[in-house]
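The primary structure of each chain is shown beneath.
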Amino acid sequence: VDISKQIYTAKIRFEPLINHIYHLYENKDGESLLIMVAPDDWGRRGCPYKFIASVRLLADHTWDIVS
């Protein structure tokens, strides 16, 4: 429930699609961000945000925590 609340208050710059996996992060200001880039996909510099969870949008518009 807490993750779902955090996702729905997160900054999202795209339209999430059902059954796709997204990644929830928190920036240094404490703002939540839902991003398509996985923690391992940031390259050499590494992720600039704190990783919270990987989630999948379900058909009923709830979120399943993947990791």
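The structure this text deals with has already been given above.
Everything in this summary refers to the structure shown in the same document. (Residues numbered from 1 in each chain as written. Predicted model: local features only at pLDDT ≥ 70, side-chain atom pairs only at ≥ 80, totals over all residues. Heavy atoms only, no water.)

Side note on the environment of A10
- By the element assignment, A10 lies in the loop between α1 (2-8) and β1 (21-26).
- Leave out the neighbours within four places in its chain, and A10 touches L24, S32, L33 and L34. (Helix = DSSP H or I, 4+ residues; strand = E, 2+ residues; numbered from the N terminus. Contact = heavy atoms within 4.5 Å.)

Topic: the pairing of β1
- Pairing of β1 with strand β3 (residues 50-57), which is carried by six bridges, proceeds in the antiparallel orientation. The partner of I21 across the bridge, within β3, is R56.
- Relative to strand β2 (residues 32-35), β1 is paired through four bridges, and the arrangement is antiparallel. Its bridge partner being in β2, Y25 is matched across the sheet by L33. (Pairing = 2+ DSSP bridges.)

Section: the packing of aromatic side chains
- Tallied over the entire structure, the rule returns seven aromatic pairs.
- When the ring of Y22 is compared with that of W63, the centres are 6.3 Å apart and the planes differ by 75°; the resulting orientation is edge-to-face. A residue pair is termed long-range when its members are at least 10 positions apart, and Y22 in strand β1 and W63 in strand β4 (residues 63-65) qualify at 41 residues. Taken as a pair, Y22 and W63 share a single burial class, namely buried.
- Aromatic pair Y25 and F51: ring centres 5.7 Å apart, planes at 65°, arrangement edge-to-face. Taken together, the residues Y25 in strand β1 and F51 in strand β3 connect sequence positions 26 residues apart.
- Y25 sits in the buried class, given a relative accessible area of 0%.
- Among the aromatic residues, ring-to-ring pairing joins Y8, F14, Y22 and W63 into one connected group. (Phe/Tyr/Trp six-rings, centres within 6.5 Å; stacked < 30°, edge-to-face > 60°. Buried < 20%, exposed > 50% of the residue type's maximum accessible area, 1.4 Å probe, protein only.)

Topic: the sheet that holds β3
- Judged by pairing direction, the sheet is antiparallel, and its four strands sit side by side in the order β2-β1-β3-β4 without closing on themselves. In the strand order of this sheet, the two ends are held by β2 and β4, each with one partner. Within the sheet, the average angular offset between the axes of one strand and its neighbour, ignoring direction, is 35°. (Axes fitted to C-alpha atoms, helices over the stretch in contact; angles between N-to-C directions.)

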